[in-house]
Amino acid sequence: MKRQSISILLILLFVIPVSASTPADGAFDFVTASVDKVLTILRDPAFKEESAKEEQYQKLTKIVRTLFDYDEISRRALGIKGRSFTPEQMDEFSGLFTRLLEKIYLNRVREYTDEKIIYGDATMLSKNIAEVQTSIVTASKQIPIKYRVAFKNQEWRCYDVIIEGVSLVRNYRSQFNKILQNKTPEDLLQQLSEMVNKKEAPTE
Amino acid sequence: MEKDLQRDPTALFALILVFSFLFAGYGSNYKKAFAEETAVSADAGEENALQDEYDEWTYDLEEEESASRIRDPLERFNRGVFAFNDFFYFRALKPVARGYRFITPEPVRIGVKNFFYNLGFPVRFVNYILQVKFQRAGQDTCRFILNSTAGILGFFNPAQRCPWLNQPPEDMGQTLGKWSIGNGFYIVWPLLGPSTLRDSAGLIGDYFLQPVSYVRPFYVSMGARSYEAVNDTSLSIGEYESIKESALDPYTALKDAYMQYREKAVQE
C-alpha cells in the first residue's frame, strides 16, 4: 500500500511537469520567442527612420546575443584545428568570429521586407539537442531554415543555423580548415580581423 | 545562384569536349588525389577523438562524419573557372538580369519560372521512377496535369495550395547518388558552376530528358535556356553576393555549400 502511494507520488512528480512541457517544446518556444522579438523590431515603424537605425541595430544585437552561443559556435567552427590555437588565440578568434557573424546576421536580417515566417516542428536530436524548423516564404520560393539548439546551463542556445540544408558552422569550418592547411592561426586571425574591420564601415 | 547555373546546360558542348581532357587530367593527378584521400581519413580519425571529448554532441558529430568531404584534384583549374564565372556573373549575367527585372513585373517573372519548372516534368518523373519513388512520381504527374491545365501551361501554380503535390525535385545526379555512386571529385564548369563528376554525368542524362533540348533550331533551344537563366537570376539577385560577402574563402564556401546542398537533395 505504502509502496503504491509512493509510486503514485513519483508518477505525479515526474509525469505532470514533463507532460506539461516537453524538452522539444522548450526549444521551440525559445526559437520562436527569439525570432518573434527580432521580427517585432524589424517591423516596428518607429525604426523606419534613418536616424533610428543605430538604435534598432543595438536592440537587435542584444537579442541576437541571447539567441546564439557564440563560444560554442566558434569552437565548432574551428573543430579539431582549434587544438593548434593557444588559449589567447582562441579568445581572440572567438571575439573576432562573433563580431563577423553578428554583422553578417544583422545585415541579412535587415534585408527583411515583411516575408512570412512559418514555424515547423521541433525535434529532439539527443538528450539536450533539438532542431527547430522554420521557413521564410518569399514571392518566388520557400526557404527552409533550421535552428540547432542545445540546452546548456539551464537555458537554450542556438549553435548552428542550417539554410536549405547548408550548415553555417560546417561551411565556416571547411573554410577555416582550408586556410589552416597552409597558414598559421596568426594568419587566420589577421585575415578575420581585416574582414571584421572592413565590415565595420557604415553599411549601405 | 549555383543551382541556376548548374541547371542550365548552355555549355553542354564544351562539357562533353572537356570531359576527355578531364579524365586525362585526373590520371596525372592520381598521386595527389590519393595523398589527399589519406589525409582526409586521418582527419576523420581526429573527429572521432573530438566526439569523445564532447559527449553531449554525439548526434551532431556523427552526422558530420558523413561530411561532404570532396576531393578536388583540379583545384587550380576550378579556381580559374570560379574566377571566370564570378566575372561573368557580375559583368554579364547580373546586369542583364537587372535590366530585365526593371522592365518585367515580378508576377510575370515568377510565372516564367513556374513555366520552366513545369516543363522539366520529364526529368523529375523519370528520376522518381529510377529511384523507385512511385508515389512521388504519381504526385508530380498530378501536379503537372493540374498546372498545365488549370495553371495555363504551367505559368500559374495552383498546385502550390496542396503541399502533398509539391515533392522535392529529383535529377539524374541525385539518382546516381541514390544508387551509391560516389561524387568522384569536384568540378567547376564555365557558366554552369559547381558540380562533381557524378553530377556532371547526371547533367548529360537530364539534358536528354529536357523538352527544351529538342527544340529546333539549336540556337532557339539555347536561347530558351539562357532566358531561363536570366529569369531565375532576376529572382535571386543578391544570393550569390551574400554568400561571397560572408566568406573568408568564397571558393571553398561555395564548394562546401554545393556539397551540403546536394547531399541533402540525395537524401530526401
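Residues numbered from 1 in each chain as written. Chains lettered and ligands numbered in written order. Predicted model: local features only at pLDDT ≥ 70, side-chain atom pairs only at ≥ 80, totals over all residues.

The next point concerns the overall build of chain B. The number of helices and strands found in chain B is 13 helices and two strands. Here chain B holds 268 residues, and 36% of them are scored as buried. Sequence-distant contacts, at least 24 apart, represent 70% of the contacts inside chain B between residues at least 6 apart. (Helix = DSSP H or I, 4+ residues; strand = E, 2+ residues; numbered from the N terminus. Buried ≥ 20, exposed ≤ 12 C-beta atoms within 10 Å, placed from the backbone. Contact = placed C-beta atoms within 7 Å.)

Right, let's talk about the overall build of chain A for a bit. For chain A, the count of helices and strands is seven helices and five strands. What you see in chain A, going N to C, is helices and strands ordered as α-α-α-α-α-β-β-β-β-β-α-α. Looking at chain A as a whole, 26% of its 204 residues qualify as buried. For chain A, the proportion of contacts with a sequence separation of at least 24, taken over those separated by at least 6, is 50%.

What follows is about the confidence of the model for chain A. Across chain A, the average pLDDT comes to 84, with 88% of residues at or above 70. Here residues 200-204 of chain A scores under 50 on pLDDT; set against residues more than four positions off or in separate chains, the count is one contact. (pLDDT = per-residue confidence, 0-100.)

Two elements in contact, helix α6 (residues 168-182) of chain A and helix α13 (residues 250-267) of chain B, have axes separated by 9 Å at closest approach and are oriented at 135°. Between α6 of chain A and α13 of chain B, the crossing angle belongs to the class labelled oblique. The element α6 of chain A and its partner α13 of chain B pack so that their crossing is right-handed. Of α13 of chain B, the residues touching α6 of chain A (which contributes R170, N171, S174, Q175 and K178 of chain A) are T252, A253, D256, A257 and Q260 of chain B. Counted by class, the contact of α6 of chain A with α13 of chain B contains two nonpolar, five polar and three charged residues. (Axes fitted to C-alpha atoms, helices over the stretch in contact; angles between N-to-C directions. Parallel < 35°, antiparallel > 145°, perpendicular 65-115°, else oblique. Left-handed = near helix turned anticlockwise from the far one by under 90°. Nonpolar A, V, L, I, M, F, W, Y, C, P; charged D, E, K, R; others polar.)

Counting 31 residues, the largest nonpolar core has A27, V31, A77, V132 and V149 of chain A as the members making the most contacts within it. The contacts of V31 of chain A, once residues within four sequence positions are left out, are V132, Y147 and V149 of chain A. In this structure, I162 of chain A together with F185, A253 and L254 of chain B belong to the second largest nonpolar core, which totals 19 residues. (Core = buried A, V, L, I, M, F, W, Y, C linked by C-beta atoms within 7 Å.)

How big an interface is tends to be stated in terms of accessible area lost as the parts join. Listed by partner, the interface residues are 25 residues for chain B and 22 residues for chain A. Going through the elements one at a time, α3 (30-53), α4 (58-65), α6 (106-119) and α13 of chain B are the ones with two or more residues in the side of chain B that touches chain A. If one sorts the elements of the side of chain B that touches chain A by residue count, α13 of chain B sits on top with seven residues. Of the residues assigned to the side of chain B that touches chain A, the class counts are 10 nonpolar, five polar and 10 charged.

Tracing the sequence through the fold places G238 of chain B in the loop between α11 (218-235) and α12 (239-245). Placed 70 residues apart in sequence, G238 of chain B and P168 of chain B show a C-alpha to C-alpha distance of 24 Å.

Given a rise of 1.5 Å per residue, 13 residues ought to cover 18 Å, and the 19 Å separating the end C-alpha atoms of helix α10 (residues 197-209) of chain B matches this to within 8%. Listed as buried for α10 of chain B are L197, R198, D199, S200, G202, L203 and D206 of chain B. (Expected span 1.5 Å × (residues − 1).)

Residue and element names in this part refer to chain B. Packing of α6 against α11 leaves a shortest axis separation of 10 Å and a crossing angle of 130°. What the angle tells us is that α6 and α11 run oblique. Taken as a pair, α6 and α11 cross one another with a handedness that is left-handed. Along its contact with α6, which presents R109, V112, K113 and F116, the element α11 presents E228, N231, D232, S234 and L235. Of the residues belonging to the contact of α6 with α11, the class tally is three nonpolar, two polar and four charged.

Residues and elements named next belong to chain A. Overall, antiparallel pairing links the five strands, which are arranged β1-β2-β3-β4-β5 in an open sheet. Each end of this open sheet is capped by a strand with a single partner; those strands are β1 (116-126) and β5 (166-167). Taken together, the eight bridges between β1 and strand β2 (residues 129-137) define a ladder with antiparallel strand orientation. Across the sheet, the residue bridging to I118 is S135, located in β2. Each of β1, β2, β3 (142-152) and β4 (155-163) touches helix α2 (residues 23-43); the most contacted strand, β1, lies at about 150° to it. (Pairing = 2+ DSSP bridges.)

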